[in-house]
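Okay, here's what each chain looks like letter by letter:
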Amino acid sequence: GDSVTQMEGPVTLSEEAFLTINCTYTATGYPSLFWYVQYPGEGLQLLLKATKADDKGSNKGFEATYRKETTSFHLEKGSVQVSDSAVYFCALSRYNQGGKLIFGQGTELSVKP
Amino acid sequence: DVKVTQSSRYLVKRTGEKVFLECVQDMDHENMFWYRQDPGLGLRLIYFSYDVKMKEKGDIPEGYSVSREKKERFSLILESASTNQTSMYLCASSFLASQETQYFGPGTRLLVL
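Below or above, wherever it landed, is the structure these notes cover. (Residues numbered from 1 in each chain as written. Chains lettered and ligands numbered in written order. Predicted model: local features only at pLDDT ≥ 70, side-chain atom pairs only at ≥ 80, totals over all residues. Heavy atoms only, no water.)

### Quick notes on the pairing of strand 10 (residues 86-93) of chain A
Residues and elements named next belong to chain A. Note the threshold: Working definition: with a 1.4 Å probe on protein chains only, accessible area under 20% of the residue-type maximum means buried, over 50% means exposed, and in between means partly exposed. Secondary structure is summarised from DSSP: a helix means a run of H or I of at least four residues, a strand means a run of E of at least two, and numbering begins at the N terminus for each. Think of it this way: DSSP has to see at least two bridges between two strands before they count as a pair.
Burial analysis of strand 10 places 7 of its 8 residues in the buried class, which makes it a mostly covered element. Taken together, the 6 bridges between strand 5 (residues 33-38) and strand 10 define a ladder with antiparallel strand orientation. Within strand 10, the position partnered with Trp35 by the bridge is Cys90. Note that strand 10 and strand 12 (residues 107-112) share 3 bridges and pair antiparallel. Along strand 12, the bridge assignment pairs Val87 with Glu108. Pairing between strand 10 and strand 11 (residues 101-103): 3 bridges, direction antiparallel. Across the sheet, Ala91 pairs through a bridge with Phe103, a residue of strand 11.

In C-alpha coordinates, the structure reads:
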(Lines give C-alpha, C1' and ligand atoms only; values in the text may rest on other atoms or scores of the structure.)
Protein backbone atom coordinates (compact mmCIF):
# COMPACT_ATOMS: atom_id res chain seq x y z
CA GLY A 1 0.00 0.00 0.00
CA ASP A 2 0.91 3.66 -0.17
CA SER A 3 3.35 4.92 2.45
CA VAL A 4 5.57 7.83 3.45
CA THR A 5 8.94 7.54 5.18
CA GLN A 6 10.67 10.49 6.84
CA MET A 7 14.09 10.78 8.36
CA GLU A 8 14.09 10.20 12.06
CA GLY A 9 14.35 13.02 14.52
CA PRO A 10 14.86 14.91 16.57
CA VAL A 11 17.08 17.16 14.47
CA THR A 12 18.97 19.88 16.31
CA LEU A 13 20.58 22.75 14.39
CA SER A 14 22.14 26.09 15.15
CA GLU A 15 20.50 29.25 13.83
CA GLU A 16 21.39 29.99 10.18
CA ALA A 17 22.33 26.35 9.47
CA PHE A 18 21.13 24.55 6.33
CA LEU A 19 18.21 22.19 6.80
CA THR A 20 17.29 19.03 4.93
CA ILE A 21 14.55 16.68 6.05
CA ASN A 22 14.32 13.62 3.84
CA CYS A 23 11.00 12.21 2.68
CA THR A 24 10.45 9.26 0.36
CA TYR A 25 7.18 7.70 -0.67
CA THR A 26 5.58 4.64 -2.21
CA ALA A 27 2.37 5.30 -4.07
CA THR A 28 -0.06 4.11 -6.72
CA GLY A 29 -0.67 6.56 -9.53
CA TYR A 30 0.37 10.18 -9.29
CA PRO A 31 -0.20 11.55 -5.81
CA SER A 32 0.09 15.13 -4.68
CA LEU A 33 2.78 15.69 -2.05
CA PHE A 34 2.63 17.95 0.98
CA TRP A 35 4.71 19.25 3.85
CA TYR A 36 2.79 20.24 6.97
CA VAL A 37 4.26 21.92 10.04
CA GLN A 38 3.08 21.72 13.65
CA TYR A 39 4.29 24.44 15.98
CA PRO A 40 4.25 23.70 19.72
CA GLY A 41 0.72 23.47 21.11
CA GLU A 42 -0.96 23.91 17.73
CA GLY A 43 -2.58 21.85 15.01
CA LEU A 44 -0.94 21.19 11.65
CA GLN A 45 -0.78 23.80 8.93
CA LEU A 46 0.22 23.46 5.31
CA LEU A 47 3.78 24.57 4.61
CA LEU A 48 3.97 23.75 0.91
CA LYS A 49 2.74 21.30 -1.70
CA ALA A 50 3.42 19.98 -5.21
CA THR A 51 0.85 18.32 -7.41
CA LYS A 52 2.94 16.81 -10.22
CA ALA A 53 6.43 15.58 -11.01
CA ASP A 54 9.19 18.22 -11.09
CA ASP A 55 6.96 20.81 -9.40
CA LYS A 56 8.68 22.80 -6.68
CA GLY A 57 6.68 23.94 -3.69
CA SER A 58 7.99 26.87 -1.67
CA ASN A 59 6.92 28.95 1.31
CA LYS A 60 8.63 30.94 4.11
CA GLY A 61 12.07 30.08 2.70
CA PHE A 62 11.35 26.34 2.62
CA GLU A 63 11.43 24.40 -0.65
CA ALA A 64 10.72 20.86 -1.81
CA THR A 65 10.81 19.35 -5.31
CA TYR A 66 8.60 16.45 -6.41
CA ARG A 67 11.06 13.87 -7.77
CA LYS A 68 9.25 11.00 -9.39
CA GLU A 69 12.43 9.15 -10.42
CA THR A 70 13.63 8.92 -6.82
CA THR A 71 10.13 9.00 -5.25
CA SER A 72 11.27 11.78 -2.95
CA PHE A 73 10.08 15.15 -1.66
CA HIS A 74 12.88 16.41 0.58
CA LEU A 75 12.33 19.62 2.54
CA GLU A 76 15.14 22.21 2.50
CA LYS A 77 15.81 25.64 3.94
CA GLY A 78 19.00 27.60 3.47
CA SER A 79 19.12 29.32 6.85
CA VAL A 80 16.92 28.19 9.74
CA GLN A 81 15.68 30.41 12.55
CA VAL A 82 14.72 29.63 16.13
CA SER A 83 11.09 30.22 15.09
CA ASP A 84 11.32 27.24 12.70
CA SER A 85 11.44 24.87 15.67
CA ALA A 86 8.45 22.57 15.10
CA VAL A 87 7.46 19.09 13.95
CA TYR A 88 7.41 18.62 10.17
CA PHE A 89 5.21 16.04 8.44
CA CYS A 90 5.49 14.81 4.88
CA ALA A 91 2.24 13.52 3.35
CA LEU A 92 0.79 12.23 0.11
CA SER A 93 -2.74 12.18 -1.23
CA ARG A 94 -4.23 8.70 -1.57
CA TYR A 95 -4.87 7.59 -5.12
CA ASN A 96 -8.46 8.00 -6.20
CA GLN A 97 -9.68 8.58 -2.65
CA GLY A 98 -10.57 12.24 -2.90
CA GLY A 99 -8.81 14.12 -0.16
CA LYS A 100 -7.39 11.46 2.12
CA LEU A 101 -3.75 11.82 3.09
CA ILE A 102 -1.08 9.43 4.30
CA PHE A 103 1.39 11.03 6.72
CA GLY A 104 4.96 10.22 7.61
CA GLN A 105 5.86 9.84 11.26
CA GLY A 106 7.01 13.45 11.63
CA THR A 107 10.45 14.95 12.23
CA GLU A 108 11.03 17.22 15.20
CA LEU A 109 13.31 20.16 14.50
CA SER A 110 14.92 22.19 17.26
CA VAL A 111 16.90 25.31 16.31
CA LYS A 112 19.25 26.75 18.93
CA PRO A 113 20.34 30.40 18.99
CA ASP B 1 -9.73 33.47 7.74
CA VAL B 2 -10.02 29.71 7.66
CA LYS B 3 -11.17 28.21 10.92
CA VAL B 4 -11.46 24.71 12.35
CA THR B 5 -12.36 24.59 16.02
CA GLN B 6 -12.43 21.69 18.45
CA SER B 7 -14.57 21.64 21.55
CA SER B 8 -11.81 21.06 24.10
CA ARG B 9 -8.03 21.45 24.22
CA TYR B 10 -7.60 19.05 27.14
CA LEU B 11 -9.89 16.33 28.43
CA VAL B 12 -9.55 13.81 31.26
CA LYS B 13 -11.93 10.85 31.33
CA ARG B 14 -12.23 7.56 33.17
CA THR B 15 -12.12 4.10 31.62
CA GLY B 16 -15.55 3.07 30.36
CA GLU B 17 -16.91 6.59 29.96
CA LYS B 18 -18.53 7.72 26.72
CA VAL B 19 -16.54 10.59 25.22
CA PHE B 20 -17.64 13.12 22.61
CA LEU B 21 -15.15 15.23 20.66
CA GLU B 22 -16.67 17.97 18.52
CA CYS B 23 -15.22 19.69 15.47
CA VAL B 24 -16.66 22.65 13.57
CA GLN B 25 -15.40 24.23 10.35
CA ASP B 26 -16.56 27.47 8.77
CA MET B 27 -15.23 26.98 5.23
CA ASP B 28 -18.12 25.01 3.69
CA HIS B 29 -15.77 22.05 3.14
CA GLU B 30 -17.23 18.75 1.98
CA ASN B 31 -14.55 16.57 3.61
CA MET B 32 -13.94 16.23 7.31
CA PHE B 33 -11.44 13.95 9.05
CA TRP B 34 -10.54 12.67 12.48
CA TYR B 35 -6.94 11.63 13.19
CA ARG B 36 -5.06 10.56 16.24
CA GLN B 37 -1.46 11.60 16.71
CA ASP B 38 0.98 9.51 18.71
CA PRO B 39 4.77 9.96 19.05
CA GLY B 40 6.68 8.06 16.39
CA LEU B 41 3.50 7.08 14.53
CA GLY B 42 2.57 10.36 12.86
CA LEU B 43 -1.11 10.92 12.15
CA ARG B 44 -3.42 7.98 11.64
CA LEU B 45 -6.85 8.38 10.09
CA ILE B 46 -9.72 7.20 12.28
CA TYR B 47 -12.77 8.22 10.23
CA PHE B 48 -13.56 10.36 7.25
CA SER B 49 -16.74 12.00 5.94
CA TYR B 50 -17.26 13.50 2.48
CA ASP B 51 -20.85 14.65 3.00
CA VAL B 52 -23.58 15.01 5.59
CA LYS B 53 -24.53 11.62 7.06
CA MET B 54 -21.76 9.93 5.02
CA LYS B 55 -18.81 8.30 6.75
CA GLU B 56 -15.99 5.95 5.91
CA LYS B 57 -13.64 4.03 8.16
CA GLY B 58 -10.05 5.08 8.14
CA ASP B 59 -7.06 3.01 9.16
CA ILE B 60 -7.85 2.63 12.87
CA PRO B 61 -11.65 2.85 13.40
CA GLU B 62 -11.94 0.24 16.16
CA GLY B 63 -13.39 1.66 19.37
CA TYR B 64 -14.59 4.85 17.65
CA SER B 65 -17.70 6.05 15.87
CA VAL B 66 -18.58 9.35 14.20
CA SER B 67 -21.57 11.51 13.43
CA ARG B 68 -22.09 14.17 10.78
CA GLU B 69 -25.58 15.63 10.95
CA LYS B 70 -24.62 19.05 9.55
CA LYS B 71 -22.02 19.95 6.95
CA GLU B 72 -19.96 22.07 9.31
CA ARG B 73 -19.86 19.67 12.27
CA PHE B 74 -18.14 16.29 12.67
CA SER B 75 -18.19 14.46 15.99
CA LEU B 76 -15.93 11.66 17.17
CA ILE B 77 -17.37 9.31 19.78
CA LEU B 78 -15.49 6.93 22.02
CA GLU B 79 -18.25 4.55 23.08
CA SER B 80 -16.33 3.18 26.07
CA ALA B 81 -13.02 4.92 26.62
CA SER B 82 -9.94 2.81 27.29
CA THR B 83 -6.45 3.77 28.41
CA ASN B 84 -5.01 2.95 24.98
CA GLN B 85 -7.14 5.77 23.56
CA THR B 86 -5.09 8.32 25.45
CA SER B 87 -3.77 10.46 22.61
CA MET B 88 -3.91 13.75 20.73
CA TYR B 89 -6.97 13.95 18.47
CA LEU B 90 -6.90 16.23 15.45
CA CYS B 91 -9.82 17.23 13.26
CA ALA B 92 -9.33 18.50 9.70
CA SER B 93 -11.44 19.60 6.76
CA SER B 94 -10.92 20.15 3.02
CA PHE B 95 -12.67 20.55 -0.27
CA LEU B 96 -13.45 17.36 -2.13
CA ALA B 97 -10.58 16.98 -4.66
CA SER B 98 -7.52 14.91 -3.82
CA GLN B 99 -4.91 17.66 -4.07
CA GLU B 100 -6.77 20.05 -1.81
CA THR B 101 -5.18 21.31 1.39
CA GLN B 102 -6.48 19.98 4.68
CA TYR B 103 -7.04 22.56 7.42
CA PHE B 104 -6.52 21.40 10.97
CA GLY B 105 -7.97 22.30 14.32
CA PRO B 106 -5.71 22.87 17.36
CA GLY B 107 -6.22 19.34 18.68
CA THR B 108 -7.70 17.77 21.81
CA ARG B 109 -5.32 16.04 24.19
CA LEU B 110 -7.30 13.22 25.80
CA LEU B 111 -6.15 11.39 28.90
CA VAL B 112 -8.07 8.25 29.87
CA LEU B 113 -7.43 7.11 33.42
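After that view, the rundown keeps rolling.
### Things to note about the side chain of Thr65 of chain A
All names here are of chain A. Convention followed: Throughout, a contact is declared for two residues whenever any of their heavy atoms are within 4.5 Å.
As for its position among the elements, Thr65 is in strand 8 (residues 62-65). Relative accessible area serves as the criterion here: at 16%, Thr65 is assigned to the buried category. Setting aside anything within four residues of it in sequence, one finds Thr65 in contact with Asp54, Asp55, Lys56, Ser72, Phe73 and His74.

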